[in-house]
Amino acid sequence: MSDIIQLLPDHVANQIAAGEVVQRPASVVKELLENAIDAGATDIKLLIKEAGKILIQVIDNGKGMSVTDARMCFERHATSKIRKAEDLFSLHTKGFRGEALASIAAIAHVELKTKQEHQELGTSIKIEGSKIISQDFINTASGTSIAVKNLFYNIPARRKFLKSDTIETRHIIDEFQRVVLAHPGISFLLHHNDIEVYNLKSSNLRKRIVAVFGSKMNEKLVPIEEQTDIVTITGFVTKPSFSKKKRGEQFFFVNDRFIKNSYLNHAVVSAFEGLLETGSHPSYFLYLQVPANTIDINIHPTKTEIEFDNANALYAMLRATIKHSLGQYNVAPILDFNRDATLDIPYQLERNSNQASTPKIIVDPNFNPFKEAIQKEIHFPFNREKQTQSWESLYTSVEPLQEIQQENLFENQQDKTQKTFQIQRKYIISLIKSGVVLIHQSLAHQRILYESFLESITVREANSQQLLFPVKISFSSNEIEMIYTIKQELENAGFSFDEFTKDSVTIKGIPTSVTESKISIILEDLLNDINLEVPDTSYSHFDVMAKSFAKTLSIKTGTFLSEKEQENLVNDLFSCKEPSISPTGKSTFKTLTLQEIDNLFNS
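The structure contained in this document is the topic of the report that follows. This is a predicted model, so every value here is computed, not measured.

### Observations regarding the overall build of the chain
Here comes step 1: Along the chain, the regular secondary structure elements total 20 helices and 22 strands.
Here comes step 2: Taken over 603 residues, the chain has a buried fraction of 42%.
Here comes step 3: Considering only residue pairs separated by 6 or more positions, the chain has 68% of its internal contacts joining residues 24 or more positions apart.
Here comes step 4: Of the roughly 35,700 Å² of accessible surface on the chain, 52% is carried by carbon and sulfur atoms.

This is how it looks when you write it as structure tokens:
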């Protein structure tokens, strides 16, 4: 029998490795930015075109590479970060496996330009699908520029399954934010389709967070700081009043590396116990510095998961540190039973040396409380016969009066039978001939609003109401870009925009069904929903917009509805094209027949 096991060619092995390392354009962005940081760069530029599908270019002013290193960096498992296996437990760099550039070069057109500071000429290398096309000496600035073009050009199936430009751009910005937040001392620039999205100067951590997420973030931040032998914790959490319904700005960094850890996230949430509304999530930017030999990074291809030697101790310290800061900055209430509140001196009195003046007493000399009573004549009803008649009439007319009231009540119910009833301000029961219908009021209203919005957006021209005073709302740079990409769809829905800036948008018109107070909430919820995996079709943008508007503006559980409102809700629901399911696929009502009700008592 012939041998059947053979070594894979290098280009095939590289494409297989690329499946682990390069999942989407954002993966390339992450690897290239981390390489620039490892090279000691203080100024990094990221240029993107068409969500990274056409171009991803990173330019840095790092130490650059020699001619030999420039050629070697594209070989598999070629790295300057480690020399032996033991180095994995004392890592101080972002990369260490030596697979990223080889994997990227296997599935894209790559052009590298690099020069070390003491060299007169740099090196230029062009690679297509792991094959070196050219290598030349060039005149270039110190540092490295690497351009990745036509990603997945030789793997059509992978390129086909990429999401829309909006979604892929969102992932790129997420990776960019994770890197820039970990290194506030480095300047970063991000251009997408020749439009500047971020221009971040070297600064401290607080300024970097505000620069990334907008000026509104500054007032939300509560400093966190603690130093022990096991871990040093720094960073910020947001005040409980600014919590969000969805997990948004939640960042953990361990030794300046972004990680995901549900265990530590639970520690943060438990520190906010009693301060958050049900279903709300705090935002946080937490930086943990631990000895390199107490963690294992090499457990996941993306290096976002870490194993800790002492996870339980970290949990307890993180929770206690956050609770302490929330109390220290008067975010959480603190009760001091040993303090006598009566001994507190008002601050103004303590500062002011002037003696308090005696209050003036004003007396009305003409006031006489008995004057009016004296002038009145007192009369008592001594007519016992008349009084007895009135007394007896109270009882003689009781039974006929009750009979009349009961007859009138019965007649009124005969004339107008109530057909709907609200239960626990959550469900509506509607009577039908065969039994009853149990309707979920919130899901039913979502279906009604969803079809109404979808029709107004796609079929008929949406009605818009102009605001007397335009509303200016602050967003982060990436959120502004997302709003701008769906500007046309929002205008079709009835929104009207006046001005776009890097950190705000001015709205001068809104749909007639939207109130001014809910503009910010609607747009924030819409951005969160768009972040979900939505196929790249224009209809889908309209669809997700209609779903988001319906979810935000629908009647919530706990809302009292009058009988008329209940009837209108039921009538509107059964006028819908698909009344039985909500926009998210949940049942809006359940029918219970008389036979099913009888079976409940006969079983």
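### Re the pattern of salt bridges
Here comes step 1: Under the defined criterion, the tally for this structure stands at 10 salt bridges.
Here comes step 2: The residue Glu451 makes a salt bridge to Arg447 at a minimum N-O spacing of 2.9 Å. You can see Glu451 and its partner Arg447 sitting in helix 14 (residues 441–458), 4 residues apart, about one turn around the helix.
Here comes step 3: Overall, Glu451 belongs to the buried group, its relative accessible area being 17%.
Here comes step 4: Given a relative accessible area of 6%, Arg447 falls into the buried group.
Here comes step 5: Among the charged side chains, a salt-bridge network with shared partners connects Glu111, Lys113 and Lys149.

### Remarks on a nonpolar patch on the surface
Here comes step 1: A surface patch of nonpolar side chains, about 290 Å² in accessible area, is lined by Val67, Leu121 and Phe137.
Here comes step 2: Mapped onto the elements, Val67 comes out in helix 3 (residues 67–72).

### Points about the environment of Leu523
Here comes step 1: Positionally, Leu523 belongs in helix 17 (residues 519–530).
Here comes step 2: When its relative accessible area of 2% is taken as the criterion, Leu523 is described as buried.
Here comes step 3: Note: C-alpha distance between Leu523 and Phe549 (26 residues apart in sequence) is 8.8 Å.
Here comes step 4: Non-local contacts of Leu523, meaning those with residues more than four positions away in its chain, are made with Ile473, Phe475, Leu490, Phe495 and Ile507.

### Brief notes about the sheet that holds strand 18 (residues 435–440)
Here comes step 1: An order of 16-17-18-22 is seen for the 4 strands of this open sheet, with the pairing classed as antiparallel. For this open sheet the edge positions go to strand 16 (420–423) and strand 22 (589–593), each flanked by a neighbour on one side alone. Going from strand to strand, the sheet's axes swing by 20° on average, the running direction of each strand aside.
Here comes step 2: Pairing geometry for strand 18 and strand 22, over 5 bridges, is antiparallel. Following the sheet pairing, Ile439 is matched in strand 22 by Phe589.

### Some remarks on the sheet that holds strand 10 (residues 232–238)
Sheets are built from strands paired through backbone hydrogen bonds, the pairs being either parallel or antiparallel.
Here comes step 1: In space, the 5 strands of this open sheet follow the order 9-10-13-11-12, with mixed pairing throughout. The outermost strands of the open sheet, each flanked by one partner alone, are strand 9 (221–227) and strand 12 (257–259). Looking at each pair of strands side by side, their axes are set apart by 20° on average, direction ignored.
Here comes step 2: Bridge analysis of strand 9 against strand 10 gives 7 bridges, and the strand direction is antiparallel. The residue of strand 10 that forms the bridge with Pro223 is Phe236.
Here comes step 3: Strands in contact with helix 9 (residues 311–328) are strand 9, strand 10, strand 11 (250–254) and strand 13 (284–289); relative to strand 9, the strand with the most contacts, it is inclined by about 130°.

### Looking at the environment of Lys472
Here comes step 1: Relative to the assigned elements, Lys472 resides in strand 19 (residues 464–474).
Here comes step 2: Lys472 sits 33 residues away from Val505 along the chain, and the two C-alpha atoms are 5.7 Å apart.
Here comes step 3: Not counting residues up to four positions away in its chain, the partners in contact with Lys472 are Ser504, Val505 and Thr506.

### Here we look at the packing of aromatic side chains
Here comes step 1: Scanning the model with the defined rule gives 17 aromatic pairs in all.
Here comes step 2: Residues Phe213 and Phe285 carry aromatic rings whose centres are separated by 5.5 Å and whose planes lie at 50° to one another, so their mutual orientation is tilted. Taken together, the positions of Phe213 in helix 7 (residues 205–213) and Phe285 in strand 13 put the pair 72 residues apart, joining distant regions of the chain.
Here comes step 3: Geometrically, the ring pair formed by Phe252 and Tyr284 is tilted, given 4.9 Å between the ring centres and 50° between the ring planes. Of this pair, Phe252 sits in strand 11 while Tyr284 sits in strand 13, placing them 32 residues apart in sequence.
Here comes step 4: Grouped by ring-pair contacts, the aromatic residues Phe213, Phe251, Phe253, Phe258, Phe285 and Tyr287 constitute a single cluster.

### Considerations on the side chain of Ser325
Here comes step 1: Within the element layout of this structure, Ser325 appears in helix 9.
Here comes step 2: Once you skip the residues sitting within four places of it in the chain, Ser325 turns out to touch Val222, Pro223, Ile224 and Glu225.

Scoring rules and cut-offs
- Residues numbered from 1 in each chain as written.
- Predicted model: local features only at pLDDT ≥ 70, side-chain atom pairs only at ≥ 80, totals over all residues.
- Heavy atoms only, no water.
- Helix = DSSP H or I, 4+ residues; strand = E, 2+ residues; numbered from the N terminus.
- Buried < 20%, exposed > 50% of the residue type's maximum accessible area, 1.4 Å probe, protein only.
- Contact = heavy atoms within 4.5 Å.
- Areas by Shrake-Rupley, 256 points an atom, 1.4 Å probe, with all protein chains shown as cover.
- Salt bridge = Lys/Arg side-chain N within 4 Å of Asp/Glu carboxyl O.
- Patch = residues over 30% accessible without salt bridge, like charges linked within 9 Å, V, L, I, M, F, W, Y side chains within 5 Å.
- Pairing = 2+ DSSP bridges.
- Axes fitted to C-alpha atoms, helices over the stretch in contact; angles between N-to-C directions.
- Phe/Tyr/Trp six-rings, centres within 6.5 Å; stacked < 30°, edge-to-face > 60°.

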